[in-house]
Amino acid sequence: MSKALVIAILGTTQTLAWAGSYYIPAILAGRMADDLGVNASTIFVAFSCALLLTAFLGPRVGRAIDQHGGRAVLIASNLVLATGLGVLAMAQGPVMLFLGFGVLGIGMAMGLYDAGFAALARIYGRDARGAITGITLIAGFASTVGWPVTAWMQAEFGWRGACAGWALVMLLLALPLNALLPRGTVRAPEAQPAAPPDAETARRTRRAAWLMAFIFVSGGFSASALAAHLPGLLVAAGATPAAAIAAGALMGPAQVAARVFEFTLLRRAHPLLSARIALTTHPLGAVLLLIFGGPLAAPFVLLHGAGNGIQTIVRGTLPLAIFGAARYGARQGLVVAPARFMGALAPALFGFVVEGYGAHALWLTIALSVMAFIALFFLHVAPESKEVRR
């Protein structure tokens, strides 16, 4: 199977997986809360628990993909996601609500980006970088597709019908497409298990893993925090509500445009360069917003969105470049897990800072980005990894 076809298939199934899991609470939470007799905040607490479970299971999913390949795990993810959506569709109270989101969290750990990245690393080794970028280009439109489809399902069939509808999509469309992925792996030489490393190499590897985890935590905190608080921050900075909403709509196009930039102009550069660019755009935009206020709302969103778009790719390509393809799934799962935990907590934690300091809460995300940018210079790059094949 050609690489282009693998990218098209996995990009499509990633789009469906994100649209039918991560993006449904934004549309369905209000109606779910009213029908189940709970506060809307309870829905998002359940969703946050699902994200925490996703973070906890990430390394285990990565190890499973290392051992068995991505095809089986991705097929299973569609079954688990469909089950979680089915439980939500039948929920009659908080217990089934939390159970449904818990099952959904397991499915997200098995079927979203990190699992897709690990599957591609098993197939293509170090040459997976282009494929990783390709699926993020396609799945970058998950919210663009998912939110209108979910809203239409809810309008036609109610929120329970929307959950059931996405369950059918997982079973009848996503699962058969994932089943078309290569059954085995095309093992590049670097994907073969290497000899046990010496003590110094093991020490450098652990140090690189801790640094990378901190870098991803910093970027992940900013991305998750602003995803929840962006319109309010823009208003606090001086933008009108209408201007804040209009500026916020630029987030998606900025992310996709930045991924196209990474796919074309940065395709032969080391992922460290992409990471440095990704960690520069947010603090630059935030400083401009804090200095000049509301009129700079749109440029801030464009810069922040561009950084987010590239960071998603870097989460897959930087571990591949630094550690290689051997045991990629387990390693990538470990270094990304803290960022997933922080991503689940960031909206609530950042909300307290926004309440106290308004737009000046951005100084926190600026500081985190700057520290992560500095940490990049301490990552050890093996000589053979300085040029990643594409």
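Reading the values: the criteria
Residues numbered from 1 in each chain as written. Predicted model: local features only at pLDDT ≥ 70, side-chain atom pairs only at ≥ 80, totals over all residues. Heavy atoms only, no water. Helix = DSSP H or I, 4+ residues; strand = E, 2+ residues; numbered from the N terminus. Rg over C-alpha atoms; globule rule 2.2 N^0.38 Å. Buried < 20%, exposed > 50% of the residue type's maximum accessible area, 1.4 Å probe, protein only. Contact = heavy atoms within 4.5 Å. Lys, Arg positive; Asp, Glu negative; His and termini not counted. Charge placed at Lys NZ, Arg CZ, Asp CG, Glu CD. Salt bridge = Lys/Arg side-chain N within 4 Å of Asp/Glu carboxyl O. pLDDT = per-residue confidence, 0-100. Phe/Tyr/Trp six-rings, centres within 6.5 Å; stacked < 30°, edge-to-face > 60°.

Enquirer: Is there a simple way to explain the overall build of the protein chain in this structure?
Expert: A tally of regular secondary structure across the protein chain gives 15 helices and 0 strands. Whereas a compact globule of 390 residues would reach a radius of gyration of roughly 21 Å, the protein chain reaches 20 Å, a difference of no more than 12%. With the principal axes as the frame, the protein chain shows a C-alpha extent of 60 × 50 × 35 Å. Every one of the 390 residues in the protein chain was classed for burial, and the buried ones make up 56%. Within the protein chain, counting contacts between residues at least 6 apart in sequence, those at least 24 apart form 84% of the total. Of the charged side chains in the protein chain, 26 are positive and 13 negative; the average position of the first set lies 6 Å away from that of the second.

Enquirer: Which parts of the structure should I look at to understand the pattern of salt bridges?
Expert: Pairing between side chains of opposite charge can happen when the charged atoms of each approach one another. Throughout the structure, instances matching the rule amount to 4 salt bridges. As a salt-bridge pair, Arg160 and Asp35 come within 3.0 Å of each other at their nearest N and O atoms. Taken together, the residues span a long stretch of sequence, with Arg160 in helix H8 (residues 142–178) and Asp35 in helix H2 (residues 25–36) at a distance of 125 residues. Judged by relative accessible area, Arg160 falls into the partly exposed class, the value being 22%. The residue Arg129 makes a salt bridge to Glu262 at a minimum N-O spacing of 2.6 Å. Of this pair, Arg129 sits in helix H7 (residues 129–139) while Glu262 sits in helix H11 (residues 251–264); the two residues are 133 residues apart in sequence, bridging distant segments of the chain. Across the pair, Glu262 and Arg129 agree in class, each one buried. In this structure, a network of salt bridges that share partners links the residues Asp114, Arg315 and Arg340.

Enquirer: What is the right way to look at the confidence of the model for the protein chain in this model?
Expert: Should pLDDT be low for a region, the predicted coordinates there are not to be read in detail. Chain-level statistics for the protein chain give a pLDDT mean of 86 and a share of 93% at 70 or above. Helix H14 (residues 328–357) is the least confidently modelled element of the protein chain, averaging 83 in pLDDT, while helix H4 (residues 70–90) averages 96, the highest of any element. Segment residues 186–194: pLDDT under 50, and 17 contacts once partners within four positions in sequence are set aside and those in other chains are kept. Overall, residues 383–390 carries pLDDT values under 50, and its contacts beyond four positions in sequence, including any with other chains, amount to 21 contacts.

Enquirer: Just checking my understanding: could you explain the packing of aromatic side chains for this structure?
Expert: Counted according to the given criterion, the structure contains 11 aromatic pairs. Taken together, a centroid distance of 5.4 Å and an interplanar angle of 10° make the contact between Tyr113 and Phe117 stacked. A residue pair is termed a helical-turn pair when its members lie 3 or 4 positions apart in one helix, as Tyr113 and Phe117 do in helix H6 (residues 113–124) at 4 residues. Both residues of the pair, Tyr113 and Phe117, count as buried. Seen in terms of ring centroids, Phe221 and Phe350 are 6.1 Å apart; in terms of plane orientation they differ by 85°. Their pairing is edge-to-face. One end of the pair, Phe221, is in helix H9 (residues 199–236); the other, Phe350, is in helix H14, and 129 residues separate them in sequence. Taking relative accessible area as the criterion, Phe221 reaches 6% and is therefore assigned buried.

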